[in-house]
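An overview of the molecular structure
Chain residues, written in single-letter form:
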Amino acid sequence: MNKIQEKEISPLRLIFAPKNLETLKIAENCLSMNSSILNHQKNLTMIEYEKGLTSFISYFPNYCNHLCSGALNQINTIRIMSRYVALQENVFSHFESLQVVEFGDATRILIIPKNAFLGCKNLQKISIPSLCFTIEEAAFKGCSSLKSVVFKSNKNLKYIRKEAFCNCSALASIEIPTSVSVICEGAFMNCEKLEKAEFKKCKDFESLEAIEKYAFKNCTSLVSFTLPNSCIFVGPACFMNCKA
């Protein structure tokens, strides 16, 4: 009977988090966290998803009731070290204290999902892993302190979706991988400080086929933009109010 009970309960892992933690480390086989785990964590500044094969990051307790109670006010760094990572839609949305997101050198993420970092007003930099295929709708919308977006030797990125970087008002420059085939509607709209948006230099490889409407609308500091020869469609009002 004891052996049967042991087999039945062995997958269950309970996490007890001391209230004086500065860093919370999450094992690779942890699929979700209960929202109460961050209650009264006054010293917690970093959450790290530890090295391992796979991390499924979902149901992160960052919803309105915790933001209003101040439970997340001190957490400024998220480190994701697993080799294969899947993020849920909205996973870190409106995480207003978040400043830095770090991915491991070997971390592989195929999709930055819809609204993943929506409204992270203090996020300052992001490095997109090299195997990322698409940055989905509003993934970084409203990240008004975002100054640096780096694509790690990316030859796989195909889509920058609707409003992916909309309202990133601190972003001054971006170097887009030549693998990108579509910059979707409003992708960089209202990036007021964006002066330079260019494609990485590659003489023999150009993939861009379309820039959809409003893609760079209201980028009032944009000085120049060179269209690759491969581009066959530029949508209406794509560069509207680009006064510089």
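What comes next concerns the included structure. Just so it is clear, the model here is predicted, and its values are computed rather than measured.

Observations regarding the nonpolar core
Ranked by internal contacts, the top residues of the largest apolar core, which has 58 residues, are Phe117, Ile135, Phe140, Ile183, Phe188 and Phe216. Apart from residues no more than four positions distant in its own chain, Ile135 is found in contact with Ile112, Ile128, Phe140, Phe151, Leu157, Tyr159, Ile160, Arg161, Ala164 and Phe165.

Observations concerning the packing of aromatic side chains
Working definition: an aromatic ring pair is given by the centre-to-centre distance plus the angle between the planes. Under the defined criterion, the tally for this structure stands at 10 aromatic pairs. Ring centres 5.7 Å apart and planes at 75 degrees place the aromatic pair Phe133 and Tyr159 in the edge-to-face group. Note that Phe133 is positioned in the loop between β8 (125–128) and β9 (134–135) and Tyr159 in strand β11 (residues 159–160), a separation of 26 residues in sequence. We classify Phe133 as partly exposed; its relative accessible area is 39%. Centre to centre, the rings of Phe188 and Phe216 are 5.2 Å apart; their planes meet at 10 degrees, and the pair counts as stacked. A residue pair is termed long-range when its members are at least 10 positions apart, and Phe188 in the loop between β13 (182–183) and β14 (196–199) and Phe216 in the loop between β15 (210–211) and β16 (233–234) qualify at 28 residues. The exposure class of Phe188 is buried, given its relative accessible area of 0%. By the ring-pair criterion, three or more aromatic residues cluster together here, those being Phe92, Phe117, Phe140, Phe165, Phe188, Phe199, Phe216, Phe225 and Phe239. The ring of Tyr159 carries the charged tip of Arg161 above its face, separated from the ring centre by 4.1 Å. Here the basic side chain of Lys217 rests over the ring of Tyr214, its NZ or CZ set 4.9 Å away from the ring centre.

Topic: the environment of Phe239
Tracing the sequence through the fold places Phe239 in the segment after β16. In this structure, the C-alpha to C-alpha distance between Phe239 and Met189, residues 50 residues apart in sequence, is 9.1 Å. In contact with Phe239, other than residues within four places in its own chain, are Phe216, Leu222, Phe225 and Val234.

Criteria and thresholds
- Residues numbered from 1 in each chain as written.
- Predicted model: local features only at pLDDT ≥ 70, side-chain atom pairs only at ≥ 80, totals over all residues.
- Heavy atoms only, no water.
- Core = buried A, V, L, I, M, F, W, Y, C linked by side-chain atoms within 4.5 Å.
- Buried < 20%, exposed > 50% of the residue type's maximum accessible area, 1.4 Å probe, protein only.
- Contact = heavy atoms within 4.5 Å.
- Phe/Tyr/Trp six-rings, centres within 6.5 Å; stacked < 30°, edge-to-face > 60°.
- Helix = DSSP H or I, 4+ residues; strand = E, 2+ residues; numbered from the N terminus.
- Lys NZ or Arg CZ within 6 Å of the ring centre and 35° of its normal.

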